[in-house]
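Summary of structural features
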Amino acid sequence: MKTDVQCPNCQGNHIKTATNTLQIVFGSILLIAGLGFLITAVTAAVGYYLFALPLCTIGSISIYKGRTDPLLHAHCKDCKHEFECLVN
């Protein structure tokens, strides 16, 4: 099984891969904000459901995609080529 990533443009091995941590953090922030609006909607203002449900949904989807997406964005340091690679 191949574990080393090579650039498809220049076949170089100086690759920098980006993780999906930022997407997971952003999704968590949206989910927490949505839950805050949901608590407010349950206790006081009914109209806050319009903010709470979409924020919770988008946050949950973002966290799920960040955890299960098999594609990583990679950047070759030699030829400055950006590409996507599959995680094994």
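Let me sum up the structure you'll find in this document. Predicted model, so just to flag it, every value in this text is computed and none were measured.

**Some details on the overall build of the protein chain**
- From N to C terminus, the protein chain includes two helices and three strands.
- Overall, the protein chain shows an N-to-C arrangement of helices and strands of β-α-α-β-β.
- For the protein chain, the spread of C-alpha atoms along the three principal axes comes to 60 × 25 × 15 Å.
- When burial is assessed residue by residue, the protein chain has 20% of its 88 residues classed as buried.
- Taking all contacts inside the protein chain whose residues are at least 6 apart in sequence as the whole, residues at least 24 apart take part in 58%.
- Element-wise, carbon and sulfur atoms account for 64% of the exposed surface of the protein chain, whose accessible area totals about 6400 Å².
- In the protein chain, 6 positive and 5 negative side-chain charges are present, and the distance between their average locations comes to 5 Å.

**Quick word on the nonpolar core**
- Grouped together as the largest cluster of nonpolar side chains are seven residues: Cys7, Ile15, Leu72, Ala74, Cys76, Phe83 and Cys85.
- Residue assignment for this core shows that the elements contributing at least two residues are β2 (71–76) and β3 (82–86).
- Looking at this core element by element, the count peaks at three residues for β2.
- Excluding residues within four positions of it along the chain, Ile15 makes contact with Val5, Gln6, Cys7, Ala74, His75, Cys76 and Phe83.

**Examining the environment of Gly47**
- Tracing the backbone shows Gly47 in the loop between α1 (21–43) and α2 (49–68).
- Spatially, the C-alpha atom of Gly47 lies 56 Å from that of Gln11, the residues being 36 residues apart in sequence.

Analysis parameters
- Residues numbered from 1 in each chain as written.
- Predicted model: local features only at pLDDT ≥ 70, side-chain atom pairs only at ≥ 80, totals over all residues.
- Heavy atoms only, no water.
- Helix = DSSP H or I, 4+ residues; strand = E, 2+ residues; numbered from the N terminus.
- Buried < 20%, exposed > 50% of the residue type's maximum accessible area, 1.4 Å probe, protein only.
- Contact = heavy atoms within 4.5 Å.
- Areas by Shrake-Rupley, 256 points an atom, 1.4 Å probe, with all protein chains shown as cover.
- Lys, Arg positive; Asp, Glu negative; His and termini not counted.
- Charge placed at Lys NZ, Arg CZ, Asp CG, Glu CD.
- Core = buried A, V, L, I, M, F, W, Y, C linked by side-chain atoms within 4.5 Å.

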